[in-house]
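Fold and geometry: a report
For reference, the chains in residue letters:
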Amino acid sequence: MSSGHGSSPLPQSSGGGGTEDGLFRKPRDPSTASRHYRTPRSLPDVCPKEPTADRRGLCDGPSVVADQHRWTVYNSKVNLPAALNDPRLAKRESDFFTKTWGLDFTETEVMPSFYLPNITREHFSSYLHETAQREKIHERCKSICSNKDNLLVPTITNNYDKARPELEQVPKIFMKPEFVLNDPATFNAVLPWSHFSVAGGKNSRDVASSRLLQEKLSHYLDVVEVSIARQISLRSEAFFHAMSSQHELQDRLRETADAVAKLRARTAAINRVICRGPLRALRDALTYNNCIKLHNKLKLMAAVHQTQPTVQLLLSTSEFVGALELIATTKEVLQQELQGIHSFRHLGSQLCEMELLIDKMMAADFSTYAKSDFNRPFEEDSPVLEKVTKLSAVSGKDRLQSLVFGLLRQRKLDFLDIYSEEMMHAAKNIVRQCVLKSLSQINEIDSNTIKLHEQMRSMTFNQWFDLLMDIFEQFISFVKRIKATLSVIRNVVLEILDSSQRSRQAEVMSATNPSDSRGNEDEEEGSGGPGLRSGEAELAYLTHEGLFISDALNEAEQRSGATAQSQSRAQMQLEACGSDSASATTESSSSKEHNSNTTSSLTIGGAAAISEDVMPSDLELGRVANNIQELLYTASDVSHDRCVKVLMSRAKDGSLERLSSSEFVCLSQAVEAFVKDTEDLCGRRSVSLRGALQSQANRFVQRFHEERKTKLGLLLDTERWKQADVPAEFQDLVDSIADGRITLPERKPTGFEDRKPSEFLCVDGQKYAVVGTVLLLIRMFLEYCQCVNDIPSITTDILTRLADLVKHFNSRSCQLVLGAGALQVVGLKTITTRNLALVSRCLQLVVHYIPVIRAHFETRLQPKQYNILRHFDHITKDYNDHIAEISAKLVAIMDNMFAKTVSKYEVKAPMPSTSLRNVCKQMAKMHEAIYELLPEEQTQMLFLRINASFKMHLKRQLARLGVINDGGPQNGLVMVDVAFYTGNVQALRSLEQLDLNMPEIWEQKR
């Protein structure tokens, strides 16, 4: 189908609106000709242009009023059948649609449109009812016209057949389509000039020829005209009908043109009166909005222009977080709001360089802070550095928080390594300063001749111990200061973690409760929230290309709301920074206030102001928190390592091994107190110092044990195994043990109390006759127990050494007494029964204290170390065996005497016999020797065993003599001796009730 401009013009008479070329021309108003008829322009884009501040921006789209005489893309038509049946193609394309849109295009079922009604025949019922009468008339006229045509066809055919012979008279050349007289050949064929004379003269023959030719051509013309007249006469009715229809059509066209002219005039008036003013208002509103946007852009550019001076001002006050936030905001504004601004083309790279510079400044500033914190005296009360410099108005805590915020924001998570290095240097300086301070107070040591560690070894123990205590005190303050600093850093990290978690919870809540957020948006809109300004709705309507106006309004509102929000946010931040910098550069007092306000805003609560996308993740922050705790552990370990060096430099020449017990106990207690304090501060036990002390303690225990073992051996080698008097202090020592105080009593001044020594040692109501070595052995027991109380770490070693000491006493006493070694060592003439009884009693005293010692050590051991207590069980068994051997030795002595004496026994007068008199005499001596040494129960048990031995020998002798219990004279003599023996034995003290059972001397009758 052709366009409107492609239609052919209608012929028109010269009068009215006609022209000389016979074409109809619409009459135009000269005054509006320039306004309505414009020069041809290029076709507009398919999509209307976006409205701008140009006044003619609204006219770029199609307009019924302005574009009525201009061809636009909307005037084009599409003839789908013509496109499908293109005659230029060899054959019809069967894949016209599927080759572009896929094989499923023709098979896809198209859903009916929801916006088109379902048309049925009932919708056309009214139209059919109105046109039914006219349709009947049309059909009737159609039948009549068809009959006339059928009648005219044979008539026209007959007339044509009759005229054919006449037309055949006319030469064929006149009937050819290419008949043109301009062609010489055709001209010569029609006008044969050969019939005329060449000379050009007019003779009679030429005149006759030309006249004949003229008549012939006139005849041809008449034949053709007659034929044409005949044909016109046959179609005259149709011709005149067409002419009348043409005149009627021209009249209607003239009326239509008049109506269109009036309509256009009215439309132009409507455009002038109604539309032009509102459109101008819309253009003015759009221009106003563009001016506002331009003003905002200029203010934004002015604020961005102040970024560099503001950053420099913030850096001068160490406000790194504020400077980084300002740089990040400026970058965001440059990328989103001010992208493409030529004057800011280098600002992005400059901000990146400033950010790298800030990173270096923060690292250097953090290192400076750490050095200042460690170099200040530890005697200060504040654990956190209060003032970094004298000129700084910002507190050290706020500065530290600002530094940590900035380092975390830049993901410089290795800043703790800087603090760790400074901590190592500070720990070394602490020891050196303490040593130099102590050496400066000692005049006996020349600091110019020997090295520092040699000077430390030249100190006396008291001087060195005071130095060690000073070092311990300094390191405790050192760890406290580190803990306080790390607590500030940890609080910053935890605050950032808490802020990120709260933001995520808020996002989750907003995602799970979208109705609440929509309700809030509705409230904002109802309360005058962000919406479309006046005129923006109309502008959106004019520029929207979609199907629905609601889509245009929603899109415009979203664009305006998002743009306004982003611009206002960036504008507020940058304007605030710009105003702060301007005020700070004009007045120094206002800059100080700004710095203090900025600093206070960057405290713990300022963590929420830092954007989460630039902060480390929760996993990274968790690692930083763990590293902080590990750094605190490292501080404790470093303190212990430096103290170990001090301890080992003193122990290098064996000075610590030569310490007395009290001195080593003081050293051990000081180290244990230091270890406990650091453990309470850090929450973890460091083992280096305790291990060093343990190694020294093992050497001390070895020397301690060797001294006492050697001393015990010397005492045993000089012991004459006689009962010794018990001084009052030893009795008090035993009494304190009975009261549960297993410690060495304090030494009382000389002459404080003058008490005489006693013969026996009273223990739990029993009297023990002891030698002097056992008294010193008991004191040694308490010394070992006191070491365990003072140095718990050497419990197992002390227990093993104490067991060895007790075994040594048992074995050596056995060698000296039972083995008769004292005869050669001390020079005793013989080992008497009194010596044996005294040793037995001493051994019993040691056995009495073994459970007490065992219980004391058991409270100091861990449950998994209880197996070491089996040494006391073995020792108790060995002591009991030794005591039994001594008892057996006493019985054996009497047994040998019985064997010699009873073998000479004879049953004859006088009575009592000499043998029994000697037996009773020896038993009385035995009783006299052991009665005061052994308790009554042991004495009775011993004499029962001696009596059994006597009965056995007497029974054998009577059997050899053949004396039986028959009541004869010999039996009577024996009974007299037995009565004498029984009377003498029972006359001894504590043996009155002893059952001797003497009838066992007689053989039983079978």
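This text follows the structure it describes.
Let me begin by describing the structure that accompanies this report. Being a predicted model, the structure only gives us computed values, none of them experimental.

Here is what the cut-offs are and how they apply
- Residues numbered from 1 in each chain as written.
- Predicted model: local features only at pLDDT ≥ 70, side-chain atom pairs only at ≥ 80, totals over all residues.
- Heavy atoms only, no water.
- Helix = DSSP H or I, 4+ residues; strand = E, 2+ residues; numbered from the N terminus.
- Buried < 20%, exposed > 50% of the residue type's maximum accessible area, 1.4 Å probe, protein only.
- Areas by Shrake-Rupley, 256 points an atom, 1.4 Å probe, with all protein chains shown as cover.
- Expected span 1.5 Å × (residues − 1).
- Axes fitted to C-alpha atoms, helices over the stretch in contact; angles between N-to-C directions.
- Parallel < 35°, antiparallel > 145°, perpendicular 65-115°, else oblique.
- Left-handed = near helix turned anticlockwise from the far one by under 90°.
- Contact = heavy atoms within 4.5 Å.
- Nonpolar A, V, L, I, M, F, W, Y, C, P; charged D, E, K, R; others polar.
- Core = buried A, V, L, I, M, F, W, Y, C linked by side-chain atoms within 4.5 Å.
- Salt bridge = Lys/Arg side-chain N within 4 Å of Asp/Glu carboxyl O.
- Phe/Tyr/Trp six-rings, centres within 6.5 Å; stacked < 30°, edge-to-face > 60°.

Glancing now at the overall build of the protein chain. Looking only at helices and strands, the protein chain features 30 helices and two strands. By residue count, 35% of the 1006 residues in the protein chain fall in the buried class. Total accessible area on the protein chain is roughly 60,900 Å²; 54% of this is exposed by carbon and sulfur atoms.

This paragraph deals with helix α9 (residues 320–336). Look at α9: 24 Å from first C-alpha to last across 17 residues, which is about the 24 Å you get at 1.5 Å a residue. For α9, the buried fraction is high: twelve of the 17 residues fall into the buried class. Taken residue by residue, α9 has Phe-320, Val-321, Gly-322, Ala-323, Leu-324, Glu-325, Leu-326, Ile-327, Thr-329, Thr-330, Val-333 and Leu-334 as its buried positions.

The contact between helix α21 (residues 688–718) and helix α24 (residues 795–818) brings their axes to 10 Å, and the two run at 15°. When the axis of α21 is compared with that of α24, the two are roughly parallel. Handedness of the crossing formed by α21 with α24: right-handed. Packed against α21, whose contacting residues are Asn-698, Val-701, Gln-702, His-705, Arg-708, Lys-709, Leu-712, Gly-713, Leu-716 and Asp-717, the element α24 presents Asp-797, Ile-798, Arg-801, Asp-804, Leu-805, His-808, Phe-809, Arg-812 and Leu-816 at the interface. Tallied by class, the residues present in the contact of α21 with α24 amount to seven nonpolar, five polar and seven charged.

What follows deals with the nonpolar core. One broad trend across soluble globular proteins is that nonpolar side chains are buried collectively. By size, the foremost hydrophobic cluster in this structure holds 195 residues, and its most contacted members are Trp-464, Phe-478 and Phe-857. With 19 residues, helix α14 (residues 461–512) is the largest single contributor of residues to this core. Contact partners of Phe-478, with chain neighbours within four places excluded, come to Phe-374, Phe-378, Met-423, Ala-426, Ala-427, Ile-430, Ala-635 and Ser-639.

A complete count under the given rule lists 19 salt bridges for this structure. The partner of Asp-680 in a salt bridge is Lys-676, and the shortest N-O contact between them spans 3.3 Å. Taken together, the residues span about one helical turn, with Asp-680 and Lys-676 both in helix α20 (residues 661–682) at a distance of four residues. Between Lys-951 and Glu-1000 there is a salt bridge, with its nearest N and O atoms 2.9 Å apart. With Lys-951 in helix α29 (residues 936–961) and Glu-1000 in the segment after α30 (969–986), the pair connects residues that are 49 residues apart, well separated along the chain.

This next bit is on unusual backbone geometry. The omega torsion of the bond from Ala-909 to Pro-910 falls at 0°, within 30 degrees of zero and hence cis. Along the polypeptide, Pro-910 turns up in the loop between α27 (870–902) and α28 (914–930). At the junction of Met-911 and Pro-912, the peptide bond is cis and its omega measures out at -5° in the coordinates. Positionally, Pro-912 belongs in the loop between α27 and α28. Even without being glycine, Ala-820 reaches a positive phi, approximately 60°. Tracing the backbone shows Ala-820 in the loop between α24 and α25 (822–825).

With the rule as written, the count across this model stands at twelve aromatic pairs. Measuring from centroid to centroid gives 6.3 Å for Phe-461 and Trp-464, while their planes differ by 40°, and the two rings are tilted. Here Phe-461 pairs with Trp-464, and both are found in helix α14, just three residues apart, close to one helical turn. Assigned by exposure class, Phe-461 and Trp-464 land together as buried. A ring pair is formed by Phe-704 and Tyr-784, whose centres lie 5.0 Å apart and whose planes are at 70°; its orientation type is edge-to-face.

Here we take up the packing of α21 against helix α23 (residues 772–790). Contact geometry of α21 with α23 gives a least axis separation of 10 Å together with a crossing angle of 175°. Judged by the inter-axis angle, α21 sits roughly antiparallel to α23. Across from Phe-700, Phe-704, His-705, Arg-708, Lys-711, Leu-712, Leu-715 and Leu-716 in α21, the residues of α23 making contact are Thr-773, Leu-776, Leu-777, Met-780, Glu-783, Tyr-784 and Cys-787. Across the contact of α21 with α23, the residue classes break down as ten nonpolar, two polar and three charged.

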